[in-house]
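This is what each chain is made of:
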Amino acid sequence: MPDFRAGETVLVDRIERGRMACRLYAMGFTPGTALVIESPGRSAVRCSVRGSSIVIGRGQADKILCIPASAAVRGEETAPAQEAASNMKSDASKTASPAHLPQLKGTLT
């Protein structure tokens, strides 16, 4: 992500695994999300994601792999982002339903 210029719109392709991946997902950096690079600095990157301006350190920014939005419009290099999005949808359908929950015995008072 730090390799892009200020004002450039990019799409999150994927996030490298690691300790911070969960936090980056929680902050809105999910595959397919559009980001606007506001200020790519040497030690930190400021970007706009989902309507919020966020500053992250260079180490975290290096873990967010992005593609230019113009490439996505042309249909180039979007397979990993599309695959990640479809995996997220299929994982959401695997949530526990009442049939999978254990039956409680007794009553609550």
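Look a little higher up for the structure.
Within each chain, residue numbers correspond to sequence positions counted from 1 in written order. Only residues with pLDDT of 70 or above have their local features reported here, since the model is predicted, and side-chain atom pairs are shown and tallied only from 80 upward, although totals for entire chains, interfaces and linings are computed over all residues. Where side-chain values are given, they derive from all heavy atoms of the structure, hydrogens and water being excluded.

### Let's talk about the sheet that holds strand S3 (residues 44–49)
Adjacent strands of a sheet form backbone hydrogen bonds with each other and so pair up, either parallel or antiparallel. Rules: At least two DSSP bridges between two strands are required for those strands to pair. Numbering of helices and strands starts at the N terminus; helices are DSSP runs of H or I of at least 4 residues and strands are runs of E of at least 2. Only C-alpha atoms enter the line fits that serve as axes; for helices the fit covers just the stretch in contact. Angles between N-to-C directions range over 0 to 180 degrees.
An order of S4-S3-S2-S1-S5 is seen for the five strands of this open sheet, with the pairing classed as antiparallel. Two strands lie at the open edges of the sheet, namely strand S4 (52–57) and strand S5 (64–68), each paired on one side alone. Ignoring which end each strand starts from, the neighbouring axes of this sheet average 45° apart. Where strand S2 (residues 34–40) lies against S3, five bridges are found, and the strand directions are antiparallel. Considered in S3, the bridge of Pro40 is made with Val45.

### Remarks on the pattern of salt bridges
Rules: For salt bridges, the criterion is a side-chain nitrogen of Lys or Arg within 4 Å of an Asp or Glu carboxyl oxygen. Think of it in three bands: with a 1.4 Å probe and only protein chains considered, a residue is buried below 20% of the maximum accessible area for its type, exposed above 50%, and partly exposed in between.
Applying the stated criterion across every chain, the model contains three salt bridges. For the salt bridge of Glu38 with Arg46, the shortest nitrogen-to-oxygen distance reads 3.2 Å. A residue is classified by how much of its surface remains accessible, and Arg46, at 38% relative accessible area, is partly exposed. Across the pair Arg58 and Asp62 runs a salt bridge whose closest N-O atoms are separated by 3.9 Å. In this pair, Arg58 and Asp62 both sit in helix H2 (residues 58–63), four residues apart, roughly one turn of the helix. Relative accessible area serves as the criterion here: at 39%, Asp62 is assigned to the partly exposed category.

### Here we look at the nonpolar core
To keep it simple, the criterion reads: Grouping buried Ala, Val, Leu, Ile, Met, Phe, Trp, Tyr and Cys residues that are joined through side-chain atoms within 4.5 Å yields what is termed a nonpolar core.
If you look at the biggest cluster of nonpolar residues, it comprises 17 residues, and the most contacted ones within it are Phe29, Leu35, Ile64 and Cys66. Looking at this core, the elements with two or more residues in it are strand S1 (9–15), helix H1 (21–26), S2, S3, S4 and S5.

### Examining the pairing of S2
Sheet topology places S1 next to S2; three bridges connect them, and they run antiparallel. In the strand pairing of S2, Thr9 is matched with Val36. Taking the residues that link successive antiparallel strands as the turn, the S2-S3 hairpin has three residues.

### Side note on the environment of Arg50
The line we're drawing: Here a residue-residue contact requires only that any non-hydrogen atoms of the pair lie within 4.5 Å.
Within the fold, Arg50 resides in the loop between S3 and S4. With a relative accessible area of 57%, Arg50 lands in the exposed category. Taking the C-alpha atoms as reference points, Arg50 and Phe29, 21 residues apart in sequence, are found 8.8 Å from one another. Setting aside its immediate chain neighbours within four residues, Arg50 contacts Gly28, Thr30 and Thr33.

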